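# Fold and geometry: a report
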Amino acid sequence: QVQLVESGGGLVQGGGSLRLSCTAPGRYVMGWFRQAPGNDREFVASISWWSGARPLYADSLKGRFTISRDNAKNTVYLQMNSLKPEDTAVYSCAANRRDSGTYALAALYDSWGQGIQVTVSS
């Protein structure tokens, strides 16, 4: 496993925006997942270190959430726009150190961040 450091969470009003960051010690396939109280963990988005792979999004979040990365900084970002109260959750980034694609399955990631709270008020 590798250490992933997340930042950028917090409280935002509905309709607002937040940008989450996740810094890794190397260049990996990265994913964002979220888990709301009482719910299962849910895939949000994934991005490869390889520029030939398109980012992958949960269908329900396309158009509002954008994943990107700065390979020079080994940092992945999740830009979240038009936030809704139902987006409230703990968001976690994850790394897959072996592959080069994009993945929605949590089991394909071998390292996880500590999670960061995002709260959207109505």
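What you see is a predicted model, and the numbers here were worked out from it, not measured in a lab. Along every chain, residues carry numbers that run from 1 in the direction the sequence is written. With pLDDT at 70 or above as the cut-off, local features in this predicted model cover only qualifying residues; side-chain atom pairs require 80 or more to be listed or tallied, and sums for whole chains, interfaces and linings still use all residues. Side-chain metrics rest on all non-hydrogen atoms present in the structure, leaving aside hydrogens and water.

What follows is about the environment of Val 76. Here a strand is any run of E in DSSP of at least two residues, a helix any run of H or I of at least four, and the numbering for each starts at the N terminus. Mapped onto the fold, Val 76 is located in strand β8 (residues 75-80). Put simply, Val 76 and Ser 46 are 30 residues apart on the chain and 9.6 Å apart in space, counted from C-alpha to C-alpha. In contact with Val 76, not counting residues within four places along its chain, are Leu 20, Ser 21, Cys 22, Met 30, Trp 32, Ile 47, Ile 67, Ser 68 and Arg 69. Pairs of residues are marked as contacts when any of their non-hydrogen atoms sit within 4.5 Å.

For this analysis, a salt bridge means a side-chain nitrogen from Lys or Arg found within 4 Å of a carboxyl oxygen belonging to Asp or Glu. According to the stated counting rule, one finds six salt bridges in the structure shown. With its nearest N and O atoms 2.9 Å apart, the salt bridge here joins Asp 87 to Arg 34. Residue Asp 87 is found in the loop between β8 and β9 (89-96), and its partner Arg 34 is found in strand β4 (residues 29-35); the two are separated by 53 residues along the sequence. In this structure, the salt-bridge partner of Asp 59 is Lys 62, at a minimum N-O distance of 3.5 Å. The class of Lys 62 is exposed, set by a relative accessible area of 53%. Within this structure, Arg 34, Glu 42, Arg 64 and Asp 87 form a network of salt bridges that share partners. Accessible area is worked out with a 1.4 Å probe on protein chains only. A residue is then buried under 20% of its type maximum, exposed over 50%, and partly exposed in between.

A few words now on the side chain of Ser 48. Looking at where Ser 48 falls in the secondary structure, it is placed in the loop between β5 (42-47) and β6 (56-57). The buried category is assigned to Ser 48, whose relative accessible area is 3%. Reaching out from Ser 48, the side chain makes a polar contact with the backbone nitrogen of Trp 50 at a distance of 2.9 Å. In terms of polar contacts, Ser 48 uses its side chain to reach the backbone carbonyl oxygen of Ser 100, at 2.5 Å. The residues contacting Ser 48, other than those within four sequence positions of it, are Val 29, Ala 53, Arg 69, Ser 100, Gly 101 and Thr 102. Counted as a polar contact is a pair of N or O atoms within 3.5 Å, where, for protein atoms, one must be capable of donating a hydrogen and the other of accepting one, and residues adjacent in sequence contribute only when both atoms are in side chains.

This part is about the packing of aromatic side chains. Centre distance within 6.5 Å is the pairing criterion for rings of Phe, Tyr and Trp, where only the six-membered ring of Trp is used; planes under 30 degrees apart are then read as stacked, over 60 as edge-to-face, and the remainder as tilted. Under the counting rule described, the total for this entry stands at four aromatic pairs. Ring geometry for Phe 33 and Tyr 109: centres 5.4 Å apart, planes at 80 degrees, overall edge-to-face. Of this pair, Phe 33 sits in strand β4 while Tyr 109 sits in the loop between β9 and β10 (111-112); the two residues are 76 residues apart in sequence, bridging distant segments of the chain. Note on accessibility: Phe 33 and Tyr 109 belong to one class, buried. With centroids separated by 6.3 Å and ring planes inclined at 65 degrees, the aromatic side chains of Tyr 109 and Trp 112 adopt a geometry described as edge-to-face. For a lysine, the NZ atom is tested; for an arginine, the CZ atom; a charge sits over a ring if that atom is within 6 Å of the ring centre and within 35 degrees of the ring normal. In this structure, Arg 41 packs its charged tip against the face of Trp 112, placed 4.2 Å from the ring centre.

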